[in-house]
Amino acid sequence: MSRMLHAAAALLALAFVPAAHAQKEREVAIGLQAAITSIDPHYHNLSPNNSLLLHIFEPLVKRDANQKMVPALATSWRAIDDLTWEFKLRKNVKFHDGTPFTADDVVATYKRVPTVPNSPSSFATFTKPIVETRVVDPYTIVFKTAAPHVLLPSDLGSVYILPKAVAEKAATEDFNSGKAAIGTGPYKFVEYVPNQRVVMKANYGYWGGEEPWDKVTFKILTNSAARVAALLSGDVQMIETVPTSDIAKLSSDKNFALSDKVSNRVIYVHLNQWNDKTVPFVTAKDGKPLEKNPFKDVRVRKALSMAINRDAIAERIMEKKAVPAAQLLPDFFYGTSKKLKPPKYDPEGAKKLLAEAGYPNGFAMTIHGPNNRYINDDKIAQAIAQFYSRAGIEAKVETMPSNVYFTRATKGEFGYMVLGWGTESGEQGSSLRSLLATHDPAKGMGVTNRGRYSNPEFDKQVTEALVTMDDKKREAMIQRAAETAMNDVGLIPIHYEVSTWGTAKGFRYEARTDQYTLATGLKPVK
Amino acid sequence: MLAFAIRRLGQSLFVLVVMSFLVFLGVYAIGNPIELLVNPQADAVERARATAALGLDRPMLEQYGVFLSKAAHGDLGRSFVFNVPAIQLILQKLPATLELAFAAMVIAIAIGIPLGLAAGLRPNSYIGRTIMAGSILGFSLPSFWVGLVLIMVFSVQLGWLPPNGRGETVLLLGVPVSFLTWDGLRHLAMPALNLALFKLSLLVRLTRASTREAVLQDYVKFARAKGLSPRRVIGVHVLKNIMIPIVTVIGLELGSVIAFAIITESIFAWPGSGKLLIDSINQLDRPVIVAYLLVIVTIFIAINFVVDVLYSVLDPRVRLGAAAAH
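If you're wondering where the values come from, they're calculated on a predicted model, not measured in any experiment. (Residues numbered from 1 in each chain as written. Chains lettered and ligands numbered in written order. Predicted model: local features only at pLDDT ≥ 70, side-chain atom pairs only at ≥ 80, totals over all residues. Heavy atoms only, no water.)

Residues and elements named next belong to chain A. For helix 15 (residues 428-436), the tally of buried residues reaches eight of nine residues, placing the bulk of the element in the interior. Here helix 15 has its buried residues at Gln428, Gly429, Ser430, Ser431, Leu432, Ser434, Leu435 and Leu436. Buried residues along helix 15 sit against strand 12 (256-271), strand 17 (416-422), helix 16 (456-465) and helix 17 (471-487). Where helix 15 begins, the side chain of Glu427 points an oxygen toward the backbone nitrogen of Gly429, at a separation of 3.0 Å. (Buried < 20%, exposed > 50% of the residue type's maximum accessible area, 1.4 Å probe, protein only. Helix = DSSP H or I, 4+ residues; strand = E, 2+ residues; numbered from the N terminus. Contact = heavy atoms within 4.5 Å. Polar contact = N/O pair within 3.5 Å; in protein donor to acceptor, adjacent residues only side chain to side chain.)

Quick look at the structure:
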């Protein structure tokens, strides 16, 4: 009997171990939407990873809230000639382990990037253009490229610098355990629990000044209702990607604030132009095959673009958290054209164009799209189908999970595909090349051109633009290329997603176009 | 008993091999993981490199062959997404899921059987009817909705319980458990209750039906006639005889709670293995999917074995050797 009493007492004692949850003033918890797959900054090129790891590590060049390039570990950079770039490095920067940062660390880091084993999405794409590296002095480094590569500073902005000793030896596991998680960033690594949380503490010796938080906990809350509940109950002080259905509720509550910004992600449609004669899932209304592929006719493409009421989609389906799109990026980004405006909703005009193209009675097709990848993706597909019925096109909708959808879309199995694209580099040229140039993956052209749109004039414009070193001249050339492709309706832009962050009272977040959620952008307010 | 165990083991191995092949085939049919893993701006060289790095450039059957030969040496492959051994990823998450599942089953048993017994002994009383009406609610309310209501009431409105995550853990025999700390219990309460609700209703109905049948049996009448106290009649004669179907159902349900606690886990952001499975399916992380299902099938087999042994304990007429011969 007395033994049982002892056991019970021990249990009770354990039960009243005080919770370690007491909220201190300079601690903050943030709810993230997606899992962090690794702490190794060179293992998996994935936005959520790149965003989170930016607290611990830094690249030579950073991007501000509007994705403009700003100095980070490099203080300045310039092209000496078409094939040579010089970077001046920041002095008096120390890694978390106390070693000073110099050009040797940059060299060792770029050497490591292509050698990370089993990487499912490598950062080597960014360092590959460099064929020769020369260290002039500890704070000056020169890169040579084989061909003119204007995007080098932007590309290197994605590659985070490690200390030489770590870069030479560390394996991916060493980062996850924290042993190798040593950078120059404003926060130091404390703990990583996959699919659960990442904890960091302030780096008081940070070159960029002190941060308002001593400790930051990122919690992975993939379920959007759970994420909102965590904010409402005070378990976290900020969440990313507030679901559209909760926006009205949060914005009317004085205890919370929303901050939002149009993002670099465009939702668009690719039309299958793989074949001149046939196209999958597109038939005459009686089910018979059409004589030729209607999507090859620019009048049909124009009609399909005009027949979509973008304002209605942004207003009603997206609860105003979308901006109608005219190109691949909102028009304050580099290389975007102010001349391009979202096509006006005009079902009658669309009907006329279809008749001119030889389809006075329209045709029938199936709209394919994902149902768990973009904000409200399945509802967008359904709305488009309804608009099309007013323009005389009979459209069915089929949506599916992204793991099935993207494989089939890449194989050209769909006719009308709803897709999305985020431009991490913050300039339109590389996105135009990936999505709209004639498909030739060996040359890096049209690598994600799932519609196989092809326009030699555009190809020429975009290729020339991307080897022009002068920033002003290049921008004008990219703008012209964008106008060529968009006036030819190489793809149908629908809208830019607006990213929304929710914060508790007393906090304010500086919203970003790259959808990154950074503790460095979260500030206390009175 | 030994022959029975050996025969079971042989059958189980066969089941595991067949299952792993079906999962392999299934994931292969869904889509290509490279589509989801590789950065969309990557060129042909990078795609080819990633495909080769993950071994996806080889024919499906060859990939399966490689998997089998490695599995025979205890290596179930590395996660495509996390680049750590799949089995390590699962074993990190499994204690949390097991804890949640057992907590839910304990709640279901501790509340469900007494309530069912009460309803079965007095089916027409006010209490009996209330219990049955309650069990219908437990059956028909979708668990994601109940979960959200729980969070809304106990976390957002009242602020009593944390809305998500697992609390502080302590090591018990080398396994991290959270039910021994106050913080851990507070985190565990809502998800466990949410997960238990359906099982609880099931047990109430099952116990009630079995009880009503048992009280009409001759041996119960005889025990009463002998002048035994009602407590002894119910506790020994009724309860022991209705336990066989209940133990069967508990065994089956425990397996399904462990394997498919996914909804509860994702609503409460409980860091368990069900959530890992769903995330892995969404990412087509095949090594993790295959390893996960292998582990779950093994658990099912073990639970069934225990249930069979329990039968022989509960009912002296059941002999394990004889059961296996059928």
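This is not the end of the story, as more comes after the structure.
A few words on the pattern of salt bridges. Per the stated rule, a full pass over the model turns up 28 salt bridges over all chains. Across the pair Asp440 of chain A and Lys443 of chain A runs a salt bridge, and its minimum N-O distance is 3.6 Å. Under the relative-accessibility criterion, Asp440 of chain A is labelled partly exposed at 28%. Ionic pairing is found between Arg49 of chain B and Glu46 of chain B, a salt bridge with its closest N-O pair at 3.1 Å. With Arg49 of chain B and Glu46 of chain B both in helix 3 (residues 44-53) and three residues apart, the pair spans about one turn of that helix. On the basis of relative accessible area, Arg49 of chain B is assigned to the partly exposed category, the value being 28%. One connected set of salt bridges, linked through shared partners, spans Arg26, Glu210 and Asp214 of chain A. (Salt bridge = Lys/Arg side-chain N within 4 Å of Asp/Glu carboxyl O.)

Okay, the sheet that holds strand 7 (residues 140-145) of chain A next. Residue and element names in this part refer to chain A. If you trace the four strands from one edge of the open sheet to the other, you get 4-5-7-6, paired in antiparallel fashion. Of all the strands in the sheet, just strand 4 (74-81) and strand 6 (130-137) have a single pairing partner and so form its edges. Taking the axes of each pair of neighbouring strands and ignoring which way they run, one obtains an average angle of 20° across the sheet. With six bridges joining them, strand 6 and strand 7 adopt antiparallel strand pairing. Bridge pairing in strand 7 places Glu132 opposite Lys144. (Pairing = 2+ DSSP bridges. Axes fitted to C-alpha atoms, helices over the stretch in contact; angles between N-to-C directions.)

Phi at Phe281 of chain A takes a positive value of approximately 65°, unusual for a residue other than glycine. Looking at the secondary structure, you find Phe281 of chain A in the loop between strand 12 and strand 13 (282-283). A relative accessible area of 34% means that Phe281 of chain A is categorised as partly exposed. We note that Leu284 of chain B has phi near 55°; this positive angle belongs to a residue other than glycine. Within the secondary structure, Leu284 of chain B sits in the loop between helix 12 (273-283) and helix 13 (286-314).

Next up on the list: the interface of chain B and chain A. Counting from both sides, the interface comprises 51 residues of chain B and, opposite them, 59 residues of chain A. Summing the contributions of chain B and of chain A, the shared interface buries around 4,400 Å²; its carbon and sulfur component is 52%. On the surface where chain B and chain A come into contact, there are two salt bridges. It is helix 3 of chain B that provides the largest number of residues to the side of chain B that touches chain A, a total of six residues. Taken together, the residues of the side of chain B that touches chain A break down into 28 nonpolar, 13 polar and ten charged. (Buried area = accessible area lost by both parts, 1.4 Å probe. Nonpolar A, V, L, I, M, F, W, Y, C, P; charged D, E, K, R; others polar.)

Let's shift gears to the side chain of Thr84 of chain A. All names here are of chain A. Its place among the elements puts Thr84 in strand 5 (residues 84-89). For Thr84, a relative accessible area of 4% corresponds to the buried category. There is a polar contact of 3.1 Å between the side chain of Thr84 and the side chain of Lys144. Leaving out residues up to four positions away in the same chain, Thr84 has contacts with Arg78, Ala79, Val142, Phe143 and Lys144.

Mapping Lys275 of chain B onto the fold places it in helix 12. Buried charged residue Lys275 of chain B carries no salt bridge. Nearest counter-charge: Asp279 of chain B, at 4.7 Å. Residue contacts for Lys275 of chain B: discarding those within four places in its chain leaves Asn195 and Thr222 of chain A together with Glu265, Ser266 and Trp270 of chain B. (Lys, Arg positive; Asp, Glu negative; His and termini not counted.)

What follows deals with the nonpolar core. Among the nonpolar cores identified, the biggest contains 236 residues, and Leu60, Phe87, Tyr388 and Tyr416 of chain A are the most heavily contacted of them. In this structure, Tyr388 of chain A is in contact with Leu304, Ala307, Ile308, Met365, Ile367, Ile393, Ala395, Tyr416 and Ile492 of chain A, ignoring residues within four places of it in sequence. With seven residues, the next largest nonpolar core counts Ala229 of chain A together with Val146, Leu150 and Ile151 of chain B among its residues. (Core = buried A, V, L, I, M, F, W, Y, C linked by side-chain atoms within 4.5 Å.)

Here we take up helix 8 (residues 224-232) of chain A. All names here are of chain A. Burial runs high along helix 8: seven of the nine residues are buried. Considered for burial, the residues of helix 8 that qualify are Ala226, Arg227, Val228, Ala229, Ala230, Leu231 and Leu232. Where helix 8 starts, the residue carrying a side-chain oxygen 3.0 Å from the main-chain nitrogen of Ala225 turns out to be Asn223. Two residues or fewer after helix 8 comes Gly234, characterised by a positive phi angle close to 85°.

All names here are of chain A. With respect to the helices and strands, Val404 occurs in helix 14 (residues 402-410). We classify Val404 as partly exposed; its relative accessible area is 22%. Separated by 34 residues in the primary sequence, Val404 and Pro370 place their C-alpha atoms 8.6 Å from one another.

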